[in-house]
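# Overview (structure and organization)
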Amino acid sequence: MTVIALPVSSLAHRARPTEEPVWVRWTLIGLALAFLTLFLFVPLISVFYEALKKGWAVYIAAITEPDAVSAIQLTLTAAAIAVPLNLIFGIAAAWAIAKFEFLGKNLLTTFIDLPFSVSPVVSGLIYVLVFGLQGWLGPWLAEHDIKVIFAVPGIVLATIFVTVPFIARELIPLMQSQGTEEEEAAVVLGARGWQILFRVTLPNVKWGLLYGTILCNARAMGEFGAVSVVSGHIRGSTNTLPLHVEILYNEYNFAAAFAVASLLAMLALVTLALKTLIESKNMQNDKGKNR
Amino acid sequence: MSIEVRNLSKQFGDFAALRDITLEVKSGELLALLGPSGSGKTTLLRVIAGLEAADAGQVLFQGEDATGQHVRDRHVGFVFQHYALFRNMTIFENVAFGLRVRPRNFRPAGAEISRRVNELLKLVQLDWLADRYPHQLSGGQRQRIALARALAVEPQVLLLDEPFGALDARVRKELRSWLRRLHDDMHITSVFVTHDQEEALEVADRIVVMNEGRIEQIGTPDEVYERPASPFVYEFLGKVNLFHGRLHRGRAWIGGIEVDAPEHTEAEELAAVAYVRPHDIHVDKVANALNGKGAIAAHVSHILSVGPVVRLGLTRDDGEDKELIEVEISKERFRELQLTRGNQVFIKPSRLDLFPAQIH
């Protein structure tokens with residue numbers, strides 16, 4: 001076999017599909033960086049700066065005063081209920097949509113997306129319309145002394161509604177791409193439904209599931225619009241963290257507002273870090289596992 | 001365990017995948033379901049496994065009706081075309097899966113599971129891969145693991161869906177003879193689906209040739225190759241030349257040749273097609289050298305010499321049947337005849353099968 005030596009320059013030529021001059025490249029990179037700095041980094045840093053401007057003592061006081069603690073507790077409660085419920089719903093819906101054929105499948109997929117396409121304020125209003133005093137179920141609920149709107153249940157319901165798509169949306173394409181062959185293999189080998197779910201289906205989507213759960217959690221804790229409508233803003237009782245930030249801000253209590261906001265910002269940073277970690281894990285897995 | 005299939009039909013929307021299939025697989029037999037894609041062979045296999053429900057008909061295992069039985073209760077081993085190994089489990093866990101998911105009372109102890117899995121891994125000669133994951137294995141290795149996994153539950157029946165379809169030619173050949181040897185050792189009733197005629201002819205005890213949801217022929221590899229029951233089987237299994245002619249009361253005329261057709265005594269002036277394998281054609285340079293009545297005159301239009309055989313492409317001089325006639329002769333005979341392109345030759349089928357022409 002003869003080896004044909006290519007001139008080095010022509011190889012280098014071929015290696016680069018894009019041939020933009022240096023100044024174009026740096027202008028593009030510079031633009032992107034400037035945009036990110038202006039709209040993301042500066043605000044993020046300013047949150048922490050404002051929060052700590054008056055010193056640690058004020059910061060600690062702002063997040064440990066009873067109303068703030070109650071807001072944190074309520075936010076955690078709402079997330080603690082909404083996330084597991086959506087986890088179950090997401091897995092069930094994705095499993096059904098990805099692994100079975102049934103009538104109305106497209107409709108179900110569309111409905112799962114509804115919370116994404118509808119404004120959170122509207123979803124909040126829907127709950128007021130259904131569960132509120134003047135709503136369809138209002139009189140019945142009042143009769144049985146059940147408070148939904150302007151109470152914790154309403155906040156939980158609104159949170160569940162806006163976070164419905166996160167886990168299901170993450171799992172459906174993943175499960176669809178994996179097909180049903182492994183499940184078929186499992187059932188031929190004698191596995192029962194639960195065994196297939198826990199030993200085959202879920203382990204195969206574990207990273208996607210974790211990813212969806214983290215995003216779902218971030219949204220559950222950060223949701224403002226829908227919760228704002230159903231909460232009634234009762235301090236120390238129906239205020240979540242985002243609502244508490246708003247109240248403090250409207251009272252010109254900037255240091256406290258930013259201190260509480262910094263908690264949410266930290267949640268966002270932790271979420272991002274976890275998300276990046278999972279994505280890199282996932283990528284490593286995919287590299288090996290794709291045939 | 002024997003398998004019996006009675007009058008199975010299955011429809012996917014407008015597409016009839018199976019039409020009234022009746023079939024018996026003898027105990028300990030290795031049976032091939034052979035056919036082009038869309039012939040229903042995979043559907044039939046999946047119905048036997050219980051992965052698909054038929055619209056009508058019955059499946060019986062050892063004479064007992066299993067039609068309504070759930071897949072997991074049928075105790076069949078199934079090997080998928082794309083292996084379907086559990087990607088999140090090691091090879092060891094893959095093979096152990098069938099034992100681990102058993103209800104507590106029937107589940108072997110951990111040590112027993114280990115012993116069985118290692119035994120199976122040795123059987124497929126891959127015990128050194130126990131701790132790997134499926135994605136670290138080659139296609140051929142994966143397929144052997146898939147087989148070990150299927151055998152772990154000690155199935156009475158082994159069903160294989162295009163087991164070697166996704167492998168390259170060399171590995172496919174290797175695995176093929178390996179499967180045959182394995183079957184000879186274990187004598188487990190096996191059915192495998194393939195679209196590769198060579199694979200079916202080489203490996204199977206009997207072949208079921210399928211087309212458009214129907215069975216065209218069932219027989220040993222020799223039977224289906226030497227005595228195809230229909231034009232379809234003729235064309236699907238190996239090369240074949242078609243000669244158009246006519247049939248009349250037990251005689252047939254093809255080109256200038258007159259032959260006996262004892263199985264068509266009641267035919268009255270019927271258009272017919274003779275199917276002739278390339279190696280069943282006599283070739284000579286002079287017409288008289290071919291004994292019997294008549295011969296077909298043709299010209300050599302191309303010559304392809306491969307190994308011990310020479311393939312000739314011939315054009316008929318009488319202009320009937322425009323397609324090239326393919327003939328295979330031995331290299332020795334080829335030298336004897338001293339053929340070159342453009343030579344005139346006379347041909348005569350030494351063996352042919354007549355079928356009434358299909359009206360298109």
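Now for a quick tour of the structure. (Residues numbered from 1 in each chain as written. Chains lettered and ligands numbered in written order. Predicted model: local features only at pLDDT ≥ 70, side-chain atom pairs only at ≥ 80, totals over all residues. Heavy atoms only, no water.)

### Re the overall build of chain B
Short version of the rule: Helix and strand labels come from DSSP, where a helix needs a run of H or I of at least four residues and a strand needs a run of E of at least two; each type is numbered from the N terminus. Only protein chains enter the area calculation, which uses a 1.4 Å probe; residues under 20% of their type maximum are buried, those over 50% are exposed, and those in between are partly exposed. Only the protein chains shown count as cover for residues, and the accessible areas themselves come from Shrake-Rupley with a 1.4 Å probe. Positive residues here are Lys and Arg, negative ones are Asp and Glu, while His and the chain termini are left out of the count. Throughout, a charge is located at the NZ atom of Lys, the CZ atom of Arg, the CG atom of Asp or the CD atom of Glu.
Within chain B, the regular secondary structure consists of ten helices and 20 strands. Taken over the C-alpha atoms alone, chain B extends approximately 80 × 45 × 35 Å along its principal axes. Across the 360 residues that make up chain B, the buried fraction comes to 51%. Accessible surface for chain B amounts to roughly 16700 Å². Of this, 48% is attributable to carbon and sulfur atoms. Charge separation in chain B, taken as the distance between the mean sites of 45 positive and 51 negative side-chain charges, equals 6 Å.

### Considerations on the side chain of Asn211 of chain B
All names here are of chain B. Quick reminder of the rule: In the analysis that follows, any N or O atom pair within 3.5 Å is treated as a polar contact, provided that within protein one partner can donate a hydrogen and the other can accept it, and provided that, for residues neighboring in sequence, both atoms belong to side chains. Residue contacts are defined here by distance: any two heavy atoms, one from each residue, within 4.5 Å place the two residues in contact.
Along the chain, Asn211 falls in strand S9 (residues 206–211). Side-chain polar atoms of Asn211 contact the side chain of Glu216, separated by 3.4 Å. The residues touching Asn211, leaving out its near neighbours within four places in the chain, are Pro36, Ser39, Glu216 and Phe232.

### With respect to the packing of helix H4 (residues 110–123) of chain B against helix H5 (residues 139–152) of chain B
All names here are of chain B. What counts, and what does not: To obtain each axis, a line is fitted to C-alpha atoms, and for helices this fit is confined to the stretch in contact; angles are then taken between N-to-C directions over 0 to 180 degrees. Here roughly perpendicular refers to angles of 65 to 115 degrees, roughly parallel to angles under 35, roughly antiparallel to angles over 145, and oblique to all remaining angles. Crossing handedness follows the turn of the near helix against the far one: under a right angle anticlockwise gives a left-handed crossing, and clockwise gives a right-handed one.
Where H4 meets H5, the closest approach of the two axes is 9 Å, and the angle between their N-to-C directions is 140°. It follows that H4 is oblique to H5 by the angle criterion. By crossing handedness, the relation of H4 to H5 is classed as right-handed. Where H4 abuts H5, its residues Arg116, Leu120, Leu121 and Leu123 lie against Ile145, Ala148, Leu151 and Ala152.

### Comments concerning the packing of aromatic side chains
Formally: In this analysis, rings of Phe, Tyr and Trp, with Trp reduced to its six-membered ring, are considered paired at centre separations within 6.5 Å, and the interplanar angle assigns stacked below 30 degrees, edge-to-face beyond 60, and tilted for intermediate values. Geometrically, a charge over a ring is one whose NZ (Lys) or CZ (Arg) sits within 6 Å of the ring centre while staying within 35 degrees of the ring normal.
The full count for this structure, using the stated rule, is 13 aromatic pairs over all chains. Ring centres of Tyr127 of chain A and Phe131 of chain A lie 5.9 Å apart, and the angle between their planes is 10°; this geometry places the pair in the stacked category. Here the residue Tyr127 of chain A and the residue Phe131 of chain A both occupy positions in helix H6 (residues 120–131), the gap between them amounting to four residues, near one helical turn. Relative to Phe80 of chain B, the ring of Phe78 of chain B has its centre 4.7 Å away and its plane inclined at 45°; by these criteria the two rings are tilted. Take Phe78 of chain B and Phe80 of chain B: they sit in the same class, and that class is buried. Geometry around Trp178 of chain B places Arg144 of chain B over its ring, the cationic atom sitting 5.9 Å from the centre. A cation sits over an aromatic face here: Arg277 of chain B above Tyr225 of chain B, 4.3 Å from the ring centre.

### Comments concerning the sheet that holds strand S15 (residues 281–284) of chain B
Residues and elements named next belong to chain B. So the rule is basically this: Here the rule is simple: two strands pair whenever DSSP picks up at least two bridges between them.
If you trace the five strands from one edge of the open sheet to the other, you get S15-S19-S16-S17-S18, paired in antiparallel fashion. Lying at the two open borders of the sheet, with one neighbouring strand each, are S15 and strand S18 (325–330). Within the sheet, the average angular offset between the axes of one strand and its neighbour, ignoring direction, is 45°. Of the pairings in the sheet, the one linking strand S17 (residues 309–316) to S18 comprises six bridges and is antiparallel in character. In the sheet register, Leu312 faces S18, and the bridge partner there is Val327.

### Some details on a nonpolar patch on the surface
Which entries qualify depends on this criterion: Patch definition: residues with relative accessible area over 30% and no salt bridge; like charges joined within 9 Å; nonpolar side chains (Val, Leu, Ile, Met, Phe, Trp, Tyr) joined within 5 Å. The term salt bridge refers to a pairing of a side-chain nitrogen on Lys or Arg with a carboxyl oxygen on Asp or Glu at a separation within 4 Å.
Nonpolar side chains collect at one region of the surface, where Phe35, Leu36, Leu38, Phe39, Leu40, Phe41, Ile45 and Tyr49 of chain A lie side by side and expose about 870 Å² of accessible area between them. Counting through the fold element by element, Tyr49 of chain A comes out in helix H2 (residues 22–52).

### As for the interface of chain B and chain A
Worth spelling out the cut-off: Here the quantity called buried area is the total loss of accessible area, with a 1.4 Å probe, experienced by two parts when brought into contact, counted for both.
Of the residues lining the interface, 26 residues belong to chain B; the matching set on chain A comes to 21 residues. For the chain B and chain A pair, buried surface summed over both sides reaches about 2400 Å², with 58% attributable to carbon and sulfur atoms. Inspection of the region where chain B meets chain A yields two salt bridges. Among the salt bridges present, the one from Glu182 of chain A reaches Arg87 of chain B, with a minimum N-O distance of 2.8 Å. Of all the secondary structure elements, the ones that give two or more residues to the side of chain B that touches chain A are helix H2 (71–74), strand S6 (76–79), helix H3 (91–100) and H5 of chain B.

### Considerations on unusual backbone geometry
All names here are of chain B. Even without being a glycine, His75 presents a positive backbone phi close to 55°. Residues other than glycine seldom take positive phi values, yet Gln125 does so here, at roughly 60°. You can see Gln125 is positioned in the loop between H4 and H5.

### Some words on H4 of chain B
Residue and element names in this part refer to chain B. Threshold: In this scheme, a helix's expected span is set at 1.5 Å multiplied by one less than its residue total.
Taking 1.5 Å of rise per residue, 14 residues should cover 20 Å, and H4 covers 20 Å from first to last C-alpha, within 8% of that figure. Close packing links the buried residues of H4 with H3 and H5. Gln125 sits one or two residues past H4 and shows a positive phi near 60°.

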